[in-house]
Amino acid sequence: MRILSVASAIALAGLSAPAAGQMHMPGMKMPVPQKKQAAPKKPAAKPKVAAKAATKKAGTTKKPAATHAAHEPAPPSSSMGGMTMPVEHGGMQMPSQAPPAGPSEMPMDHGQMAPMTMPMGAHAGHEMAMTGALGPYPMERESSGTAWQPDTSEHMGLHVMSGEWTLMAHGLLNLVYDHQSGPRGDDKAFASGMLMGMARRPLGNGTLQLKAMVSPDPVMGPSGYPLLLASGETANGRDRLIDRQHPHDFFMELSASVSQNIGSKSSVFLYAGLPGEPAFGPPAFMHRESILDSPEAPISHHWLDSTHISFGVLTGGIVIDRVKLEVSRFNGREPDQHRWDIETGPLDSTAIRLSWNPTRTLALQGSWGHFTDPEQLEPGVDQKRWSASALWADDVALGWKAAATLAWGRKTVHGHDDDAIAAEASVKHIGWTLFGRGEMTENRELLGVADGPSFRVAKVSLGAVRDFRFADHLALGAGGLFAVNFVPVELEPLYGGHNPTGAMAFVRLKLQ
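All of the points below concern the structure found in this document. (Residues numbered from 1 in each chain as written. Predicted model: local features only at pLDDT ≥ 70, side-chain atom pairs only at ≥ 80, totals over all residues. Heavy atoms only, no water.)

With that settled, the discussion passes to the nonpolar core. The biggest cluster of nonpolar side chains holds 35 residues, and the ones touching the most others in it are Tyr225, Leu229, Leu491 and Tyr495. The set of elements that each furnish at least two residues to this core consists of strand 9 (165-180), strand 10 (187-203), strand 12 (225-234), strand 24 (455-471) and strand 26 (501-511). The dominant element in this core, judged by the number of residues it contributes, is strand 12, at five residues. Leu491 has contacts with Leu446, Leu447, Phe455 and Val457, leaving out every residue within four places of it along the chain. (Core = buried A, V, L, I, M, F, W, Y, C linked by side-chain atoms within 4.5 Å. Buried < 20%, exposed > 50% of the residue type's maximum accessible area, 1.4 Å probe, protein only. Helix = DSSP H or I, 4+ residues; strand = E, 2+ residues; numbered from the N terminus. Contact = heavy atoms within 4.5 Å.)

Below you can see the structure in the form of structure tokens.
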């Protein structure tokens, strides 16, 4: 824990004082282009003789390096101030650029290199492409825990190089006013969000990564915030949270991973976290590009991705090109009502996930999990869960970016199979983001009993946010959303009608 905390502090400190971060690449030489020689003037007399001599000379001259490189792949290189620098350094790759003919080489003065800041957007590969922490694939493929997303996804955050370390920070703070209608509704103002720090460096033939993420959610109190049709976990160790979303723990992730390449497109890896995220489900909702701009949690959270904070995770896996197979042992108990501490428990649950990115724009996964004693208020009751999802992201027009998610989850409790489906989408253009979600769950917890009847409920929400950049890496946004809920006839008296509504207005500060 101390190592992980220090790593996070290093990442944040390196970003606040980038002048201290230097990029050292020992043993590297940097070709320097020579000034292009002016072609000699052709003599006025005897033009045919001169042409024949020039042709003969060209036939005996050694081919330039650029011509040879057309037949053999050139090493990756980085262009800095008109100079081309070949790079073979750990897990980092830089866009190839053929060196000019006849370069001269000179030693590299490490002390004169300025710190490098890398914007990691959807097209960041044009400036600097980095491989993932778990294998030799694009960094943009990685999401929460060890989950994958499309290679074309946005990878938000501020990146800085310091020696062999890559440091990254990302932060989001939402200030929200929430209104939920009807007898079961309520009003509340609250803060939510996260601050994440990451430190990564080459290790052997692979990568070492340390990651820490914290949240202001516990400030909202143990009862969380009003959210009709949501359920799961407990507020005080005695009562279920119903029609409310629980606050996340202050420590959302403290993890370390190490990978080793076993081929040009394959690797093995090990991931451990306290807390961490086991190999189950799609990326957590606050990391999915299709809906990360929404300040509300999905009502399908406890079918799809509630394991994103598990106090004790150990995951091993293998990557073969675009396919990843991983197995986790983890503590299956949901976090308790104490949101500021770090809990411990046996690694008594198992999850298996198969991920496949058939194209750059699509990420698929299927997963299964056996959860031992997950609910604090139902001791001795185990669960089995299944999940499948498809995530898509791409540029749909010049300046327009779209993303979508379709996910299904199943919980088997007390011999009952209860399903949930969620569909999400977002469109971004020049500071504006439109987002929406539709979902359905079969919920047995809405009456507050352990094994109650299953009610099929649904919800549709639509919102927008406008961001204004006011500093190099800071943006201030303002937005809102409106939601319509759908309850069966049996629940209408409890909710004051068939279609209770909800709304949120929010402002946010984002580090990017």
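Let's pick the thread back up.
It is worth spelling out the packing of aromatic side chains at this point. Counted according to the given criterion, the structure contains six aromatic pairs. Considering the side-chain rings of Phe190 and Tyr225, the 4.3 Å spacing of their centres and the 5° angle between planes classify their relative orientation as stacked. With Phe190 in strand 10 and Tyr225 in strand 12, this residue pair connects regions lying 35 residues apart in the sequence. Taken as a pair, Phe190 and Tyr225 share a single burial class, namely buried. (Phe/Tyr/Trp six-rings, centres within 6.5 Å; stacked < 30°, edge-to-face > 60°.)

On to the side chain of Thr441. Along the chain, the position of Thr441 falls in strand 23 (residues 432-443). Residue classification places Thr441 among the buried positions, given a relative accessible area of 0%. In contact with Thr441, not counting residues within four places along its chain, are Ile299, Ser300, Trp303, Asp419, Ala420, Phe455, Arg456 and Val457.

What follows covers the pattern of salt bridges. For the coordinates displayed, the defined rule picks out 27 salt bridges. With a closest N to O distance of 2.9 Å, Arg288 and Asp305 form a salt bridge. With a gap of 17 residues between them, Arg288 in the loop between strand 15 (266-273) and helix 4 (301-304) and Asp305 in the loop between helix 4 and strand 16 (313-320) connect regions that are remote in the sequence. Residue Arg288 is classed as buried on the basis of its relative accessible area, which comes to 1%. What makes Asp305 buried here is its relative accessible area of 2%. Where Asp373 meets Arg333, a salt bridge forms, and the shortest distance between an N and an O atom there is 2.8 Å. (Salt bridge = Lys/Arg side-chain N within 4 Å of Asp/Glu carboxyl O.)

Read these as geometric descriptors, not functional statements.
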